[in-house]
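Results of the structural survey
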Amino acid sequence: MSDHDEGQGAGAELPGGATPGVFLLPFALPEPIDGLKVDAEILARRLPDVLHQLLNAGRSGPAGMLEVHSAPGEGPPRWVTLSSVPSPDEVHAMLGGHAIRALVAGSMRRVRDGLAVDLAVHVAGTAEASEDGEGVEFEGEGFHHGIRAVLALDDPIPGVIRLGEHLASVLRLPFGDRARGLLTRNPVAFYSFLEGLDGAALLTSDPDLESDRYGDDLLGPFAEALQEDPGFGLALRALGDALFPALLSERISRRSCLRLLDRVLIAEPTDGEGCASVAEHLSAFDEEDRAREWLEHAAGLAEPPARALEALGVLFANDGENEVARELWLRGLEVDGHPDFFAHLGRLAFAESRPVDGWEAMRRGLWRKLERERRAAEWDDDRSGGVLFRYLEDVLTDGAKAPGDVVETVTDFVGLLADPVERIDLGLCLVALGRPVGGRRELEAALAESELPTSAEDRAVRGLLLIAKPDFERRFAAAAARAERGRNPRPALLEMQAYLELQPRFWPALLHAGIALRRLGQADEALDAVHEVVRRRPEQAEAHVELGRLFFERGNAKRGLECAEDAIERGAGGVAEDLKARCLIALGRSAEIPGDRLRRLRVLR
């Protein structure tokens, strides 16, 4: 039985949970290989990893890497080194029946001129669900293709590029200068990169695979590769792809993460897109000063990325340095002409009380965006969405009156956009312009999408309620106050139920209906309503507080304490702390309550 019969696939997934269309497997090693500049087993695992990243051009999809390690129950987890190339049927078994477009397996062996790599490309026919629902069947004729290349050990990169180009042509995937320009010609940097890829794979695998290596040890080779060649863009992007998810999952400490990035920045990397991506991640982790350093570095490159110029301009504008922000955004227009730069310039003009210039910038941004949407295939731009409609809505909400041609141009976008979040921005903008029919169409279309950020969904729902009831926001705020503090909460309950009839996804109405029900003594109905809010929106601290209060009032202090602690974790303040203290008192654990909180409760009593 070959080694891969014992293996278990740990397949990569694309954002949103989609399965990659093309899977690459580690290469088989039919015989041992010695005398290499990197361990042969690392080469076998990571050369296909490099190919998968080249097919993706340093982005997400369409290829994924299938890591193979020992099956559970077979002792300590370990990487599995294949001794022979697995058949497509064996690989499909590893994947659990997922339909995929192609499998790429291969082997490598030592030859006099270097390292011979033989690829077997299995392209499936049309994927259809099997009749029994247990797996996937492929209809239509697929095909198999063999590819061979010899990599020079002292300069493997040209051979890797040729291999990637040939593989891309067989799979009918693009492979242009973008993918080619991400690599290096420095073999020392390349071999360090392979070791970094192996460390990155460990960070997403079973922690016990190599428990003696962690943090800097695993990802440090990426920094070494960039110190050897600062232009090695794929190393920078692979580092970011591995580092920030590891920080989020606490597989690496924040201190180690920042130390590693500081080493890389000192090397002055020249991949502007990679630098901008690192800055965005740092900002998401509240490392604003370091994010600015990366953006300033990216903006100072010979070919600065547009998104670095945009983000840095926003930082300067927020600091009140409008002239610097304006210059950065004008440079951004020269780099790629994205409509968002006009949006930024327009909003800045309105803030400086220059409405004529503001409307001219918005008008030009709309024209540019309309052109891009109508001829999207002609633009090499992977930035989805944008801020143009959101900024325009802000301007209108502040009381500005749009010129007629601006109104008509915005209306031309109805039914044209693909990004659901941007369709929500457009819908709300149309509502603000007094075009509710088009606004409703965009909002309802966006809400029909299965994957939608909760914040965007909430904005769309509120927009539809605003169309149905133009004074909705004022009326809802008044009803919410009556539900919480009014002498008779029943009218508030009826109003909340009316909102839910119009928009069942409007969770704030469900929460306040629960509050009103509690105050009316209908505890069971209140518990059902608030529990549903927590299920839909577990991030909402106030819902956890209300759920805890309901449990406490029913005599379940233990469950109330859990809810209070959940609310505190989500940023709830004094109300949640008071609820926690009351629950601790009821449980006979008053000693755990801070003295000032205990004194406050006694005063309130």
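Residues numbered from 1 in each chain as written. Predicted model: local features only at pLDDT ≥ 70, side-chain atom pairs only at ≥ 80, totals over all residues. Heavy atoms only, no water.

Looking only at helices and strands, one finds 27 helices and eight strands in the protein. Restricting to contacts in the protein with at least 6 residues of sequence separation, those with at least 24 account for 62%. Accessible surface computed for the protein: about 28,500 Å², of which carbon and sulfur atoms make up 48%. (Helix = DSSP H or I, 4+ residues; strand = E, 2+ residues; numbered from the N terminus. Contact = heavy atoms within 4.5 Å. Areas by Shrake-Rupley, 256 points an atom, 1.4 Å probe, with all protein chains shown as cover.)

Across the ten residues of strand 4 (residues 102–111), seven count as buried, placing the element largely inside the fold. For strand 2 (residues 22–24) and strand 4, the ladder comprises three bridges, and the chain directions are parallel. When the bridges of strand 4 are listed, Phe23 appears paired with Leu103. As paired strands, strand 4 and strand 5 (residues 114–123) are joined by ten bridges and run antiparallel to one another. Paired with Arg109 across the two strands is Ala116, which belongs to strand 5. Connecting strand 4 to the antiparallel partner strand 5 that follows it, the hairpin turn spans two residues. (Buried < 20%, exposed > 50% of the residue type's maximum accessible area, 1.4 Å probe, protein only. Pairing = 2+ DSSP bridges.)

Turning our eyes to something else, we now look at a negative patch on the surface. A cluster of acidic side chains, namely Asp39, Glu41, Glu195, Glu224 and Glu228, defines a negative patch on the protein surface. Mapped onto the fold, Glu228 is located in helix 6 (residues 216–228). Taking relative accessible area as the criterion, Glu228 reaches 41% and is therefore assigned partly exposed. (Patch = residues over 30% accessible without salt bridge, like charges linked within 9 Å, V, L, I, M, F, W, Y side chains within 5 Å. Salt bridge = Lys/Arg side-chain N within 4 Å of Asp/Glu carboxyl O. Lys, Arg positive; Asp, Glu negative; His and termini not counted. Charge placed at Lys NZ, Arg CZ, Asp CG, Glu CD.)

Examined against the element boundaries, His544 turns out to sit in helix 24 (residues 541–553). Given the relative accessible area of 5%, His544 is considered buried. At 2.8 Å, the side chain of His544 and the backbone oxygen of Pro538 are in polar contact. Those residues in contact with His544, other than ones at most four positions away along the chain, are Val534, Pro538, Cys563, Asp566, Ala567 and Arg570. (Polar contact = N/O pair within 3.5 Å; in protein donor to acceptor, adjacent residues only side chain to side chain.)

What follows deals with the nonpolar core. Across soluble globular proteins, nonpolar side chains show a tendency to be buried alongside one another. One finds Leu171, Phe190, Phe193, Leu219, Phe232 and Trp294 to be the most contacted residues of the largest nonpolar core, which totals 102 residues. If we skip the residues at most four places from it in the chain, Phe190 touches Leu47, Val50, Pro156, Ile157, Val160, Leu183, Thr184 and Phe232. Membership of the second largest hydrophobic core comes to 43 residues, among which are Leu447, Ala460, Leu465 and Leu517. (Core = buried A, V, L, I, M, F, W, Y, C linked by side-chain atoms within 4.5 Å.)

The next thing to look at is empty space enclosed by the protein. Applying the stated criterion to the full structure yields one cavity of 30 Å³ or more. Counted as a void, the largest cavity has a volume near 40 Å³. The wall of the largest cavity is formed by Leu43, Leu47, Leu115, Leu151, Ala152, Leu153, Pro156, Phe190 and Tyr191. Contributing elements (two or more residues each) for the lining of the largest cavity: helix 1 (40–55) and helix 5 (187–203). In the lining of the largest cavity, the residues fall into nine nonpolar, no polar and no charged. (1 Å grid on protein atoms, 1.4 Å probe; cavity = no way out; pocket = protein on both sides within 12 Å on 5 of 7 lines; lining within 4 Å. Points joined across faces, edges and corners; volume = space filled by probe spheres on them. Nonpolar A, V, L, I, M, F, W, Y, C, P; charged D, E, K, R; others polar.)

A separate point is the packing of helix 14 (residues 355–374) against helix 15 (residues 388–397). Packing of helix 14 against helix 15 leaves a shortest axis separation of 11 Å and a crossing angle of 150 degrees. On the basis of their axis angle, the class for helix 14 and helix 15 is roughly antiparallel. Of the two elements, helix 14 crosses helix 15, and the hand of that crossing is left-handed. Note on element contacts: helix 15 touches helix 14 through Leu388, Phe389, Tyr391, Leu392, Val395 and Leu396, opposite Trp359, Met362, Gly365, Leu366 and Lys369. For the contact of helix 14 with helix 15, a count of residues per class yields nine nonpolar, one polar and one charged. (Axes fitted to C-alpha atoms, helices over the stretch in contact; angles between N-to-C directions. Parallel < 35°, antiparallel > 145°, perpendicular 65-115°, else oblique. Left-handed = near helix turned anticlockwise from the far one by under 90°.)

With that settled, consider the side chain of Asp229. Following the sequence through the fold, Asp229 ends up in the loop between helix 6 and helix 7 (233–248). With no salt bridge to any partner, buried Asp229 finds its closest opposite charge in Arg185, at an N-O distance of 8.9 Å. Only 2.9 Å separates the side chain of Asp229 from the backbone nitrogen of Gly231, close enough to count as a polar contact.

With that settled, the discussion passes to the confidence of the model for the protein. Atom-level detail of predicted coordinates should not be read off regions where pLDDT is low. This prediction gives the protein a mean pLDDT of 86; 87% of its residues lie at or above 70. Summarising per-element confidence for the protein, the mean pLDDT is lowest in strand 1 (residues 7–11) (37) and highest in helix 22 (residues 507–519) (97). Contacts from residues 1–18, a stretch scored under 50 in pLDDT, to residues over four places away or in other chains number 47 contacts. Here residues 126–141 scores under 50 on pLDDT; set against residues more than four positions off or in separate chains, the count is 27 contacts. (pLDDT = per-residue confidence, 0-100.)

With 16 residues, helix 7 extends 23 Å between its outermost C-alpha atoms, agreeing within 8% with the 22 Å of an ideal straight helix rising 1.5 Å per residue. Burial analysis of helix 7 places 13 of its 16 residues in the buried class, the great majority of the element. Once helix 7 ends, the next one or two residues include Glu250, with phi positive near 65 degrees. (Expected span 1.5 Å × (residues − 1).)

Across the interface, helix 5 lies against helix 6 with an axial gap of 7 Å and an inter-helix angle of 155 degrees. Here helix 6 runs roughly antiparallel to helix 5, going by the angle between their axes. In this structure, helix 5 crosses over helix 6, and the sense of that crossing is left-handed. Between helix 5 and helix 6, the contacting residues are Val188, Ala189, Ser192, Phe193, Glu195, Gly196, Leu197, Gly199, Ala200, Leu202 and Leu203 on the first element and Leu218, Leu219, Pro221, Phe222, Glu224, Ala225 and Glu228 on the second.

All told, the structure shown has eleven aromatic pairs when counted by the stated rule. Plain terms: the ring middles of Phe190 and Tyr191 are 6.0 Å apart, the flat faces sit at 65 degrees to each other, and that makes the pair edge-to-face. Looking at Phe190, the relative accessible area reads 1%, which means it is buried. In this structure Tyr191 comes out as buried when scored by relative accessible area, which is 8%. When the centroid spacing of 5.4 Å and the interplanar angle of 85 degrees are considered together, the rings of Phe472 and Tyr499 count as edge-to-face. Here the residue Phe472 occupies a position in helix 20 (residues 472–485), and Tyr499 occupies one in helix 21 (residues 490–502), the gap between them amounting to 27 residues. Exposure remark for Phe472: the relative accessible area of 0% places this residue in the buried category. Members of the aromatic cluster, joined through ring pairs, are Phe472, Phe476, Tyr499 and Phe506. Above the plane of the ring of Phe316 lies Arg292, whose end atom (NZ or CZ) is 5.1 Å from the centre. In this arrangement the basic side chain of Arg347 is found over the ring face of Tyr391, its NZ or CZ atom lying 3.7 Å from the centre. (Phe/Tyr/Trp six-rings, centres within 6.5 Å; stacked < 30°, edge-to-face > 60°. Lys NZ or Arg CZ within 6 Å of the ring centre and 35° of its normal.)

Now for helix 14. Taking 1.5 Å of rise per residue, 20 residues should cover 28 Å, and helix 14 covers 28 Å from first to last C-alpha, within 8% of that figure. Buried residues belonging to helix 14 abut helix 13 (339–351), helix 15, helix 16 (404–411) and helix 17 (420–432).

Glancing now at unusual backbone geometry. One non-glycine residue, Glu268, lies in positive phi territory at about 60 degrees. For Glu268, a relative accessible area of 53% puts it in the exposed group. A positive phi angle, near 65 degrees, is found at Asp286, a position not held by glycine. Looking at the element boundaries, Asp286 is found in the loop between helix 9 (272–284) and helix 10 (288–299). Asp286 gets classed as exposed once you look at its relative accessible area, which sits at 65%.

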